[in-house]
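Listed below are the residues making up each chain.
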Amino acid sequence: QVQLVESGGGLVQAGGSLRLSCAASGNIFSVNAMGWYRQAPGKQRELVAKVTSGGSRNYADSVKGRFNISRDNAKNTVYLEMNGLKPEDTAVYYCNAEIFTRWTSGNYWGQGTQVTVSS
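This report concerns the structure included in the present document. Values in this document were obtained by computation on a predicted structure and should not be read as measured data.

1. Quick word on the state of the cysteines
Inspection of the entire model under this criterion finds 1 disulfide. Residue Cys-22 pairs covalently with Cys-95 via a disulfide, S to S 2.1 Å. The chirality of the disulfide connecting Cys-22 with Cys-95 is left-handed, given an S-S dihedral of about -80°. Remark: Cys-95 occurs in strand E9 (residues 91–100) and Cys-22 occurs in strand E3 (residues 18–26); sequence separation between them is 73 residues.

2. Remarks on the side chain of Ser-21
Within the element layout of this structure, Ser-21 appears in strand E3. If we skip the residues at most four places from it in the chain, Ser-21 touches Val-5, Glu-6, Ser-7, Trp-36, Val-78 and Tyr-79.

3. Details of the pairing of E3
Sheet topology places strand E1 (residues 2–7) next to E3; 6 bridges connect them, and they run antiparallel. Considered in E3, the bridge of Val-5 is made with Ala-23. Note that E3 and strand E8 (residues 77–82) share 6 bridges and pair antiparallel. Bridging from a neighbouring strand, Arg-19 pairs with Glu-81 of E8.

4. Structural notes on the sheet that holds E3
With antiparallel pairing, 4 strands are arranged side by side in an open sheet as E1-E3-E8-E7. Strand pairing shows two members of the sheet lacking a second neighbour, E1 and strand E7 (67–72), which therefore form its edges. Taken over all neighbouring pairs, the strand axes of this sheet differ in orientation by 15° on average, direction set aside.

5. Description of the nonpolar core
The biggest cluster of nonpolar side chains holds 30 residues, and the ones touching the most others in it are Trp-36, Leu-80, Met-82 and Tyr-93. For this core, the secondary structure elements donating two or more residues are E1, E3, strand E4 (30–39), strand E5 (46–51), E7, E8, E9 and strand E11 (113–118). For this core, the leading source of residues is E9, giving 5 residues. Among residues more than four places away in sequence, those in contact with Tyr-93 are Glu-6, Leu-20, Trp-36, Tyr-37, Arg-38, Val-48, Phe-67, Leu-80, Met-82, Gly-112, Thr-113 and Val-115.

6. Examining the packing of aromatic side chains
Applying the stated criterion across every chain, the model contains 1 aromatic pair. Taking the centre distance of 5.0 Å and the plane angle of 65° together, the rings of Tyr-37 and Trp-109 count as edge-to-face. Pair noted here: Tyr-37 is in strand E4 and Trp-109 is in strand E10 (residues 105–109), with a separation of 72 residues, a long-range link. Using a relative accessible area of 16% as the deciding quantity, one classes Tyr-37 as buried. The ring of Tyr-94 has Arg-45 lying over it, and the distance from NZ or CZ to the ring centre is 3.7 Å. Of note, Arg-45 hangs over the ring of Trp-109, and the distance from its end group to the ring centre comes to 4.6 Å.

Reading guide: rules and limits
- Residues numbered from 1 in each chain as written.
- Predicted model: local features only at pLDDT ≥ 70, side-chain atom pairs only at ≥ 80, totals over all residues.
- Heavy atoms only, no water.
- Disulfide = S-S within 2.5 Å.
- Helix = DSSP H or I, 4+ residues; strand = E, 2+ residues; numbered from the N terminus.
- Contact = heavy atoms within 4.5 Å.
- Pairing = 2+ DSSP bridges.
- Axes fitted to C-alpha atoms, helices over the stretch in contact; angles between N-to-C directions.
- Core = buried A, V, L, I, M, F, W, Y, C linked by side-chain atoms within 4.5 Å.
- Buried < 20%, exposed > 50% of the residue type's maximum accessible area, 1.4 Å probe, protein only.
- Phe/Tyr/Trp six-rings, centres within 6.5 Å; stacked < 30°, edge-to-face > 60°.
- Lys NZ or Arg CZ within 6 Å of the ring centre and 35° of its normal.

Take it as geometry only, folks, not as evidence of what the structure does.
In structure tokens form, the structure reads like this:
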């Protein structure tokens, strides 16, 4: 059984910062790419940032220069440092990871954490 558990969301004023964390646990053999997606009310889920096991990163254009994704491979944990937050960053943020167990591989999602940015 594999689980992704997120933490760190909340309410912040525009211009503020938040740090999200997501830890993968269970019968994990290896973790490939890890990333963060977000979904605002009435909108489709979109990629925010992604990092491979080798450390290559990519970001949505809307967050480049403001957000930083990192990971701790020893802890199977991915982080999202969000700076210069804007009201349009308000969404539920979901962690995602490509995980290999001894028997299977799959794409796993966290439960989501709310980020609200007030103007």
